[in-house]
Amino acid sequence: MDAESLDQLVTTILIETRCHLPSNMGKIELKIHPNERQLSLESSVEDVVESRSNLGPCGGFVRTYRFLCDYFELPIREDIAWQIDAVYRGREKRSLEMRDFAHLPTSDFLPLIASLCFNGYFTEFDCNQTKLTSESQDWLQIVLRKSRKLISLSLESTGLKGDGSFAKLFHNAAANKDLSIEQLNLSHNSLEDKGVCSVAQFLEQSKSPLKTLRLDKISCSGKGVSVLSRSLLESKDIKYSLRELSLSENNIGSDGILDLGKFLAKSAISEVDLSNVG
């Protein structure tokens, strides 16, 4: 392939990638020699991308979704595209709610979740009462590692377990210094103490201005709650930002209550739910 044809190929790939994956996470870094050739290519790419700057409804989320359907070799669901463009565009809250797509096979969730990596329109992800496949969980790890926009994550009753996969989820979240989670809901999953410890480690390291934490009925004991309480106490940011904490229907015992009380005494929390705790 001659140099001119190669330049056209590279330019086309970059234009399509940057138009369909509009966030910084979708950018491909060029390393072309000589430097003048690289600057020329980048300039022509930016000119075309700028001319296509009108992304459409919801920040071009459907454009990203279609692109990733091709990547995953999955059929494009026009009902999903319509739901985003026609319904979500009219909503004030930028929340991607998987219950709206509960009638679909779980394999169709994959490009939707992956789209959160490359398109920052949605700031909230609500997957309540929707089972997550292992592949979807893998992509959610990437979302948490890369996202600069996500402020709310709700994974209630999604079948999560406090295993290595769950630990990776919050390890990736802790590694993202630009993540600013304000609401976190992990209720009604069998996280047990192992899962709570993973969450606690994330919260201790996080700079997120967390306001709401819901961990209802997650099969944790006083040991897990003690670890969580100490981590919350160690977090200078969350200790003062957290306003709501819910730990109902967990057998946390007297030791858990004692350590939790030490945190509550020094926090700015205004609402605590400890109903049906042992």
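Everything that follows concerns the structure shown earlier in this document.
Residues numbered from 1 in each chain as written. Predicted model: local features only at pLDDT ≥ 70, side-chain atom pairs only at ≥ 80, totals over all residues. Heavy atoms only, no water.

Notes on the overall build of the protein
Phase 1: Counting secondary structure elements, the protein contains 11 helices and seven strands.
Phase 2: Within the protein, the fraction of its 278 residues that count as buried is 48%.
Phase 3: Once local pairs closer than 6 in sequence are excluded, the contacts in the protein between residues at least 24 apart make up 79%.
Phase 4: Roughly 13,700 Å² of accessible area belongs to the protein as shown, and the carbon and sulfur atoms make up 48% of that amount. (Helix = DSSP H or I, 4+ residues; strand = E, 2+ residues; numbered from the N terminus. Buried < 20%, exposed > 50% of the residue type's maximum accessible area, 1.4 Å probe, protein only. Contact = heavy atoms within 4.5 Å. Areas by Shrake-Rupley, 256 points an atom, 1.4 Å probe, with all protein chains shown as cover.)

Describing the nonpolar core
Phase 1: Ile-84, Leu-96, Phe-101, Phe-125, Leu-155 and Leu-186 are the most contacted members of the largest nonpolar core, which has 67 residues in total.
Phase 2: The element that contributes the greatest number of residues to this core is helix α5 (residues 109-118), accounting for eight residues. (Core = buried A, V, L, I, M, F, W, Y, C linked by side-chain atoms within 4.5 Å.)

Observations regarding the side chain of Ser-208
Phase 1: Examined against the element boundaries, Ser-208 turns out to sit in the loop between α8 (192-205) and β5 (212-214).
Phase 2: By relative accessible area, Ser-208 is classed as buried at 2%.
Phase 3: Among the polar contacts made by the side chain of Ser-208, one reaches the main-chain carbonyl oxygen of Leu-179 at a distance of 3.0 Å.
Phase 4: Those residues in contact with Ser-208 that lie beyond four places of it in its chain are Leu-179, Ser-180, Ile-181, Phe-202, Asp-237, Ile-238 and Ser-241. (Polar contact = N/O pair within 3.5 Å; in protein donor to acceptor, adjacent residues only side chain to side chain.)

Considerations on the packing of aromatic side chains
Phase 1: Applying the stated criterion across every chain, the model contains nine aromatic pairs.
Phase 2: Measuring from centroid to centroid gives 6.3 Å for Tyr-88 and Phe-101, while their planes differ by 10 degrees, and the two rings are stacked. On the criterion of sequence distance, the pair formed by Tyr-88 in the loop between α4 (78-87) and β1 (95-97) and Phe-101 in the loop between β1 and α5 is long-range, its members being 13 residues apart. No difference in accessibility class separates Tyr-88 from Phe-101, as the two residues are buried.
Phase 3: Through a chain of ring-to-ring contacts, three or more aromatic side chains come together here, namely Phe-61, Tyr-88, Phe-101, Tyr-121 and Phe-122. (Phe/Tyr/Trp six-rings, centres within 6.5 Å; stacked < 30°, edge-to-face > 60°.)

Examining the environment of Leu-110
Phase 1: Note on placement: Leu-110 falls in helix α5.
Phase 2: Owing to a relative accessible area of 6%, Leu-110 belongs among the buried residues under this scheme.
Phase 3: Linking Leu-110 and Trp-139, residues 29 residues apart in sequence, is a C-alpha distance of 7.7 Å.

Regarding the pattern of salt bridges
Phase 1: Counting across every chain of the model gives 11 salt bridges.
Phase 2: For the salt bridge of Glu-78 with Arg-66, the shortest nitrogen-to-oxygen distance reads 3.0 Å. Of the two residues, Glu-78 is situated in helix α4 and Arg-66 in helix α3 (residues 61-72); the sequence distance between them amounts to 12 residues.
Phase 3: Owing to a relative accessible area of 29%, Arg-66 belongs among the partly exposed residues under this scheme.
Phase 4: Across the salt bridge formed by Asp-178 and Arg-148, the nearest N and O atoms sit 3.7 Å from each other. Of this pair, Asp-178 sits in the loop between α7 (164-175) and β4 (183-185) while Arg-148 sits in the loop between α6 (134-146) and β3 (152-154), placing them 30 residues apart in sequence.
Phase 5: Using a relative accessible area of 42% as the deciding quantity, one classes Asp-178 as partly exposed.
Phase 6: One continuous salt-bridge network, built from bridges that share partners, spans Arg-77, Asp-79 and Asp-108. (Salt bridge = Lys/Arg side-chain N within 4 Å of Asp/Glu carboxyl O.)

Topic: α5
Phase 1: Taking burial as the measure, the 10 residues of α5 include 10 buried ones, the bulk of the element.
Phase 2: Considered for burial, the residues of α5 that qualify are Phe-109, Leu-110, Pro-111, Leu-112, Ile-113, Ala-114, Ser-115, Leu-116, Cys-117 and Phe-118.

With respect to the packing of α3 against α4
Phase 1: Between α3 and α4, the shortest axis-to-axis distance is 9 Å and the interhelical angle comes to 160 degrees. As the angle between them shows, α3 and α4 are arranged roughly antiparallel. Judged by the sense of rotation from one axis to the other, the crossing of α3 with α4 is right-handed. Residue-level inspection shows Phe-61, Val-62, Tyr-65 and Arg-66 of α3 in contact with α4, the latter providing Glu-78, Ile-80, Ala-81, Ile-84 and Asp-85.
Phase 2: When the residues that make up the contact of α3 with α4 are grouped by side-chain class, the tally is six nonpolar, no polar and three charged. (Axes fitted to C-alpha atoms, helices over the stretch in contact; angles between N-to-C directions. Parallel < 35°, antiparallel > 145°, perpendicular 65-115°, else oblique. Left-handed = near helix turned anticlockwise from the far one by under 90°. Nonpolar A, V, L, I, M, F, W, Y, C, P; charged D, E, K, R; others polar.)

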